[in-house]
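One letter stands for each residue in the lines below.
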Amino acid sequence: MAAPMSGGGRLCRLAWRRRAGALHSGAQPAALGREPGKVAETQSGVAPWRAVVGLEVHAQINSNSKIFSGSQVQFTAPPNSLVSFFDASLPGTLPVLNRRCVEAAVMTGLALSCSINKKSLFDRKHYFYADLPAGYQITQQRLPIAVNGNLSYTLYVGAKQSQMVTKNVRIKQIQLEQDSGKSLHNDARSQTFIDLNRAGVGLMEVVMEPDMCCGEEAAAAVRELQLILQTLGSSQAIMAEGQLRVDANVSVRHPGEPYGVRTEVKNINSLRFLARAVDYEIQRQIEELENGGTILNETRAFDYKLGCTIPMRDKEGKQDYRFMPEPNLPPLILYDAKSLPANIDDQQVVNIDWIQERLPDLPSVKRARLVEQYGILPEHSFTLLNEDGLMELFEDVVRKTQMNPKKVIGWVISELLGHLKQYDLTVKESPVNSVSLADLLNLLERGVISSSAAKQVLEELWKGEGKTPLQIVKEKRLELIQNQRELDQICQAVMEGHQEEVMEIKAGNKKVLNKLIGLVQRATQRRADPILVKQILEKKLSQ
Amino acid sequence: MLRTALREVSTALKEGQVSPTELCQRCLSLIKATKFLNAYITVTEDTALRQAEESEKRYRRGQSLGDLDGIPVAVKDNFSTTGIETTCASNMLKGYIPPYSATVVQKLLDQGAVLIGKTNLDEFAMGSGSTDGIFGPVRNPWSYSKQYREKCGQNSHLENEDSSWLITGGSSGGSAAAVSSFTCFAALGSDTGGSTRNPAAHCGVVGLKPTYGLVSRHGLIPLVNSMDVPGILTRCVDDAATVLGVLAGHDPKDSTTVQDPFNPFKLPSVIDVSKLCIGIPKEYHIPGLSSETLAVWSKAADLFENAGARVIEVSLPHTCYSIVCYHVLCTAEVASNMARFDGLEYGHRSNMDKSTESMYAATRREGFNDVVRGRILSGNYFLLKQNYEKYFIKAQKVRRLIANDFVNVFSSGVDVLLTPTTLRDAVPYVEFIKEDNRTRSAQDDIFTQAANMSGLPAVSIPTALSEKGLPIGLQFVGRAFQELQLLTVAKWFEKQAKFPILQLQEMLDHADALSHQKISLSS
């Protein structure tokens, strides 16, 4: 399913054109899926723009304690309550590397098909900022823990967003580093408050090559990364809690020309904003260049209220970080089964092979399995994985019913998920669980109720009154009429009341039969099995 | 009693000849009497007496913690001490009271040692004279010795303002002076380019710089992380081995300490050096070396030769690049390490409140002296992107070459190197300050620095008195983690050298008088 990387540009290239007013109306990508050669021949005859987007994603490592100190990691703790002497950079304190953070990075690297460096190094990156107590951040600039990986992701294209395309982005590297603290500015009192709870929390910086070309692609890639991290448990990757933060490097150029000057949009903390920020920035650069301006190599922030990017004040401007090796941490050495020294304490080493063997199924593998095992459509497998807990619910329902999974998926996605989306609920919050849905589908499957009755039952179940589907069926008298003679009589009565239609059918207009079926349904308050009704009517009509 | 070695006073404590409290009080009196030496920044009288009392209880119960129980020790004021001000002799940390103790300090306390005070140094240990701290210079106790006074013909009263008093060397001058003037039995220094061995040589005491990675740096406020090592200052080699036995070993809080277990050792009493090979590095024979020191060095080589050892000339060809290489690496790490002193979390904070940036600038201008600021400036220059390859990377390569020089020499069969520790004996303060800190540091570290570059253990042994009656020390450099061999050789040599004891009778009498006076006043 994966589209080839190089030369496979047929579907994965976007052509951008300047559009009047785009900056203010919210930029949208231009039409997708054109041949690059054809794009050049536009109405105005001007060469089109191509956007180049690369990402740096900071994922907070899901660990109990910080990367270089024993302080706990917790999002909701009171300010400055999780600060060790090291985190506050008291003089004389030294970093001690947290093994769990190393394992998380190795796991993530393996999941992204990276090669894991058996030896990696730590560096100091210097800049003065109030929430960086040591005046430098410990990171891996020279030799990171993982390099040369790949991430494939899928997005919907086409006029109706109906076509699924799989794309690849190369992973340049994954580096371990410390998070900074938080600054809270009070402009009224012109004061800055510092919270060091986050200072020293372990981060994995995943650097993606500039293989993307629009906001939607960037968002889809990050979404896939997020799912992978959550599957691995290496990061909770909750963007709203700042556990996944994205910096986007954006530039534009004409095809065949070298890369343009890039800007960096920093600290984007939602997928929606990421797509909007990237697309805005692309349009802004195109407009700037077409107006004869130049692009500055600068850092910008996305203002989600205004929907635009704005230059950031100095913090990350043109700075010389004066990188230097971190002298207090020896090189990080990882082992594999082959290189593992004998008689070594397991707690003292990280074994790459051991981690590889225990890697859980990745989202792509899960999707393939779902498609194969249940015969569902690939896009349904994406939906199942995109919603936390939906895959588990689906599989649970399949296990509990005799219904064909291909039919179950319809109920799960159109009915259940549709409803949840409408009311902005998560799967966990759903009033209908797998047990009641399975009960309901079993009633349908056994012919106790019709599918329209099943929908009625579902409506009742959403109320969350704790009734079982069977109770609802009984109360509302929704069972199909099983008594053949009773149905026979109803059909007879309908035929007698509609002689004109009967004549028409007998004259050869079979379509009118459906009208009679509908009338029987109405007479039974839709409690009749339409197939059975059809059989009875046909039999009677042929007599 | 105060003039004995640690091991002897330890025996005296065990035998009940003296009590820990009594010993502590005597040291405290002597500290007061020798206050003009300026060896201490903080004298921790109250806590010391409390610790001595605890120790006394243990002795009474027969539950002594070992050789260090009840022994007064001093710690250089760049080691963090819980609840005790730790200043690095800088305005930046004036009033800073750490909430934790350095591992080495904790290890001393856990063995029952009595922490008597925090000793003076150059600001942030940047210097080779112990003259550049905010609390003023440390005076070398030998300035007031009978030996020196007789030689330079000055018999004036010791407290008279005179211009002849000598520097201690540095930057651990306070610790060296404290051990040398008998106010404690052992002291911690730190050694980045020679800061323990240099003042040890000038003050006539033993100064040991252990192998990098053998002793924890956790809690030592860093100068150059990749070279810093806690140093040990004692009156004899056996004492240094005893203290090393307590301090050495892996520390989970310092990832650069080695994992291998360390077995404390006692040095043999009968030593045979006849099977040893002593290397004499020819590059250490340099123009600035005083003829006296050169003579002492040759005599020492002869001693070994006469005892049957093989003494050979060896070459450490990259020695001459050491100073400039050290300058680049040291300043780069200093620039980085000093970045944390921004006035936000601890230490000095300027009143400037226009902006965070202006507060940083004012805080750092007010907090650091010119030496520190100069090193920060040059270090940042070397780390700039356009200079990094040219200076920092090159210096690292040169460092590797210097380290390899030692590897080559040791793998050729040499067991221990014998070198001078300093170019000459201690100079008077007025002489010393004629040159700036940078020039002085460059000159004075010349024999000691390479051991820090290569991480090797080295020890300075007081060897002889100069014509002026001042100590001259020689240095032994050993193989990595071969402290037992290094100190064994050093102990043999110490025995042959018969270095005279510092004669401070005049000063001690004065101290006694003071303490009696105090007793009579209080009774």
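Since the structure is predicted, the reported quantities are computational estimates derived from the model, not experimental observations. The residue count restarts for each chain, going from 1 along the sequence in the order it is written. Labels follow written order: the first chain is A, the first ligand is 1, and so on. pLDDT decides what is reported in this predicted model: residues at 70 or higher carry local features, side-chain atom pairs at 80 or more are listed and counted, and totals for whole chains, interfaces and linings draw on all residues regardless. The side-chain quantities take in all heavy atoms of the structure and omit both hydrogens and water.

1. So, the UniProt feature "domain: Asn/Gln amidotransferase" (unreviewed entry) in chain A
(1) Moving on: UniProt tags residues 392–541 of chain A as "domain: Asn/Gln amidotransferase" (unreviewed entry).
(2) Moving on: Split by type, residues 392–541 of chain A is 70% helix and 0% strand. Its first and last C-alpha atoms lie 49 Å apart. UniProt positions are given in the numbering used here, feature names are shortened, and annotations may be inferred rather than shown by experiment. Each helix is a run of DSSP H or I of at least 4 residues and each strand a run of E of at least 2, with the numbering of both proceeding from the N terminus.

2. Describing the nonpolar core
(1) Moving on: Formed by 167 residues in total, the largest nonpolar core has its most connected members in B:Phe124, B:Phe304 and B:Phe476.
(2) Moving on: Here the element with the most residues in this core is helix 13 (residues 385–411) of chain B; it accounts for nine residues.
(3) Moving on: Contacts: residue pairs with any heavy atoms within 4.5 Å of one another. In this view, B:Phe476 contacts B:Phe304, B:Val416, B:Leu417, B:Leu418, B:Pro457, B:Ala458, B:Val459, B:Ile461, B:Leu486, B:Val489, B:Ala490 and B:Phe493; residues no more than four positions away in its chain are not counted.
(4) Moving on: We call a set of buried residues a nonpolar core when its members are Ala, Val, Leu, Ile, Met, Phe, Trp, Tyr or Cys and they connect through side-chain atoms within 4.5 Å of each other. Note on classification: 1.4 Å probe, protein chains only; a residue is buried when its accessible area is under 20% of the maximum for its type, exposed when over 50%, partly exposed between these limits. With 74 residues, the next largest nonpolar core counts A:Ala59, A:Val169, A:Leu229 and A:Leu274 among its residues.

3. Examining the sheet that holds strand 9 (residues 416–420) of chain B
Residues and elements named next belong to chain B.
(1) Moving on: Taken in spatial order, the 11 strands line up as 1-3-2-4-6-5-10-11-9-7-8 in an open sheet, and their pairing is mixed. The sheet is open, and its two borders are formed by strand 1 (40–43) and strand 8 (310–314), each paired with just one other strand. Shown here is a sheet whose adjacent strand axes are inclined to one another by a mean of 30°, direction ignored.
(2) Moving on: Here, strands pair whenever DSSP counts at least two bridges between them. As judged from the three bridges shared by strand 5 (residues 206–209) and strand 6 (residues 229–234), these two strands associate in the antiparallel manner. From the neighbouring strand, Val-206 faces strand 6, where its bridge partner is Thr-234.
(3) Moving on: For helices, the axis comes from a line fit to the C-alpha atoms of the stretch in contact; other axes are also lines fit to C-alpha atoms, and the angle between any two N-to-C directions lies between 0 and 180 degrees. Here helix 6 (residues 173–180) sits on the sheet in contact with strand 1, strand 2 (72–76), strand 3 (114–119), strand 4 (186–191) and strand 6, set at roughly 155° to strand 4.

4. Remarks on the environment of A:Lys515
All names here are of chain A.
(1) Moving on: Looking at where Lys-515 falls in the secondary structure, it is placed in helix 17 (residues 512–523).
(2) Moving on: In this structure Lys-515 comes out as partly exposed when scored by relative accessible area, which is 48%.
(3) Moving on: There is a polar contact of 3.0 Å between the side chain of Lys-515 and the side chain of Glu-501. N or O atoms closer than or at 3.5 Å make up a polar contact, with two conditions inside protein: a donor-capable atom paired with an acceptor-capable one, and, for residues adjacent in sequence, both atoms drawn from side chains.

5. Describing helix 4 (residues 103–110) of chain B
Residue and element names in this part refer to chain B.
(1) Moving on: Those residues of helix 4 not exposed but buried are Thr-103, Val-104, Val-105 and Leu-108.
(2) Moving on: On its buried side, helix 4 packs onto strand 2, strand 4, strand 6 and helix 8 (237–247).
(3) Moving on: At the exit of helix 4 stands Gly-112, carrying a positive phi of roughly 90°.

6. A word on the interface of chain A and chain B
Interface size, as often reported, equals the accessible area lost upon joining of the parts.
(1) Moving on: If you look at the interface, chain A gives 30 residues, while chain B gives 41 residues.
(2) Moving on: By convention, the term buried area covers the 1.4 Å-probe accessible surface removed from two parts as they join, with the contributions of both added. When chain A packs against chain B, close to 2,800 Å² is buried across both sides, 57% of that on carbon and sulfur atoms.
(3) Moving on: Just to be clear on terms, a salt bridge is a Lys or Arg side-chain nitrogen sitting within 4 Å of an Asp or Glu carboxyl oxygen. Our count for the contact surface shared by chain A and chain B stands at zero salt bridges.
(4) Moving on: Where chain A touches chain B, the interface holds 16 residue pairs in polar contact (both at pLDDT 80 or more).
(5) Moving on: Sorting the residues of the side of chain A that touches chain B by element identifies strand 4 (123–126) and strand 15 (324–325) of chain A as the ones contributing at least two each.
(6) Moving on: Residue classes follow a fixed rule: Ala, Val, Leu, Ile, Met, Phe, Trp, Tyr, Cys and Pro count as nonpolar, while Asp, Glu, Lys and Arg count as charged, and any other residue, Gly among them, counts as polar. Grouping the constituent residues of the side of chain A that touches chain B by class yields 20 nonpolar, seven polar and three charged.

7. So, the UniProt feature "domain: Amidase" (unreviewed entry) in chain B
All names here are of chain B.
(1) Moving on: In the UniProt entry, the feature "domain: Amidase" (unreviewed entry) is given for residues 27–145 and 167–487.
(2) Moving on: The span residues 27–145 is 27% helical and 13% strand by assignment, and the distance between its end C-alpha atoms comes to 19 Å.
(3) Moving on: Strand forms 14% of residues 167–487 and helix 42%; the C-alpha atoms that close the span are 27 Å apart.

8. Brief notes about the domain arrangement of chain A
(1) Moving on: What marks off one domain from the next here is an automatic or database domain assignment. Domain annotation of chain A identifies domain 1 (50–325), domain 2 (363–476) and domain 3 (484–542).
(2) Moving on: With centres defined by C-alpha atoms, the gap from domain 1 of chain A to domain 3 of chain A works out at 66 Å.

9. Description of the side chain of A:Glu281
Residue and element names in this part refer to chain A.
(1) Moving on: Within the secondary structure, Glu-281 is located in helix 6 (residues 271–290).
(2) Moving on: Taking relative accessible area as the criterion, Glu-281 reaches 0% and is therefore assigned buried.
(3) Moving on: Within the structure, Glu-281 has its side chain in polar contact with the side chain of Arg-300 (distance 3.4 Å).
(4) Moving on: Side-chain polar atoms of Glu-281 contact the side chain of Thr-309, separated by 2.6 Å.
(5) Moving on: Among residues more than four places away in sequence, those in contact with Glu-281 are Val-250, Thr-263, Val-265, Arg-300 and Thr-309.

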